[in-house]
Amino acid sequence: DSGVTQTPKHLITATGQRVTLRCSPRSGDLSVYWYQQSLDQGLQFLIQYYNGEERAKGNILERFSAQQFPDLHSELNLSSLELGDSALYFCASSVAGLAGGLGEQFFGPGTRLTVL
Amino acid sequence: AQSVTQLDSHVSVSEGTPVLLRCNYSSSYSPSLFWYVQHPNKGLQLLLKYTSAATLVKGINGFEAEFKKSETSFHLTKPSAHMSDAAEYFCVVSEMNRDDKIIFGKGTRLHILP
C-alpha cells in the first residue's frame, strides 16, 4: 500500500459527459501528479501540482483540468468525454516539487475510466 | 527534448536465469532516470533511480541498473529471475531543473518461465 488513495476505483460513463477523479496524497507529500495509461498511448504524464500551485504540464488536453486543494488532495476533471479517453488514470505523490531529482513518486491504485 | 526508448516490448526468461531489460534515453541536460515496476492491476512502484551520483544503482528486489552516458543507456538487470518478477517495467527520464517533464517508456513486459 503506497499511502496514496484514489476514488472511484471504476467509472463508467457516456460520451459527452464530465467526470471528476479524486486523489489523496500520502501524508506529508506536497506534490501530486496525474497520469493517463492507455493501450495505444502508454503511460503519459498529464500535470503536476505542488502545494496548491500548478508546477508542470505534460500532455494534458484542454478538456481536462486539475486542481489541488488546501488540504493537498487533488481532483482531475475530464469533460466532453470521448471514447478515446477510456484509460487508467493514476495519481502519484512525492514530498518534493521536482520529480526529477528529489524523492520518489508513490502511485495510487488508479481509476479505470470507461467511456461508452 | 528528452525521450526514452525501451528496446523490447516483451522479454521472457526462465526462473533462476539473468534478466536484462534495455532502455536508451535522450536528454539535452543531466537527466534523472528511474525504473518503475507495475504488477497486474496495481499502481507503479519505484525500483531504483539515478540522479548523477554513482553510475551503478542498486534497487529493491535484487534489481540494479547502470547509467552509461557514452551509450545513453540505463539497462535494468537482475542476476536471477523469480516468478514474482513477472510484471511490466517502465524506464522513465526527467530533466532536473528544466521543464520538469516526465517521460515514460512504453514498457517491457517481463515473463518468467517455470
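In the block above lies the structure referred to throughout.
Residues numbered from 1 in each chain as written. Chains lettered and ligands numbered in written order. Predicted model: local features only at pLDDT ≥ 70, side-chain atom pairs only at ≥ 80, totals over all residues. Heavy atoms only, no water.

Caption draft 1: The arrangement of the overall build of chain B in detail. Scanning chain B for helices and strands turns up 0 helices and 12 strands. Relative to its length of 114 residues, chain B is compact, with a C-alpha radius of gyration of 14 Å against a globular reference of 13 Å. The principal-axis extent of the C-alpha atoms belonging to chain B is close to 45 × 30 × 20 Å. In chain B, which comprises 114 residues, the proportion classed as buried is 45%. When contacts within chain B are restricted to residue pairs at least 6 apart in sequence, those whose partners lie at least 24 apart make up 56%. (Helix = DSSP H or I, 4+ residues; strand = E, 2+ residues; numbered from the N terminus. Rg over C-alpha atoms; globule rule 2.2 N^0.38 Å. Buried < 20%, exposed > 50% of the residue type's maximum accessible area, 1.4 Å probe, protein only. Contact = heavy atoms within 4.5 Å.)

Caption draft 2: Highlighting the state of the cysteines. Residue and element names in this part refer to chain A. Within the structure shown, the criterion is met by 2 disulfides over all chains. Disulfide pairing places Cys23 opposite Cys91 at an S-S distance of 1.7 Å. One disulfide, between Cys23 and Cys91, carries an S-S torsion of -40° and so falls in the left-handed class. Of this pair, Cys23 sits in strand β3 (residues 19–24) while Cys91 sits in strand β9 (residues 87–94), and the two are 68 residues apart along the sequence. What makes Cys23 buried here is its relative accessible area of 0%. Relative accessible area serves as the criterion here: at 0%, Cys91 is assigned to the buried category. (Disulfide = S-S within 2.5 Å.)

Caption draft 3: Representation of the sheet that holds strand β7 (residues 64–68) of chain A. Residues and elements named next belong to chain A. Within the open sheet, the 4 strands sit side by side as β1-β3-β8-β7. Their pairing is antiparallel. In this open sheet, the two strands that pair with only one neighbour each are β1 (5–7) and β7. Taken over all neighbouring pairs, the strand axes of this sheet differ in orientation by 15° on average, direction set aside. In this structure, β3 lies alongside strand β8 (residues 74–78), joined through 5 bridges in antiparallel fashion. Counterpart to Arg22 in the pairing with β8 is Glu75. (Pairing = 2+ DSSP bridges. Axes fitted to C-alpha atoms, helices over the stretch in contact; angles between N-to-C directions.)

Caption draft 4: Main features of the pairing of strand β2 (residues 10–14) of chain B. Residue and element names in this part refer to chain B. On β2, burial follows the alternation: Val11 and Val13 on one face are buried, whereas His10, Ser12 and Ser14 on the facing-out side are not. Two elements, β2 and strand β12 (residues 108–113), share 5 bridges in a ladder whose sense is parallel. Directly across from Ser12, in β12, lies its bridge partner His111.

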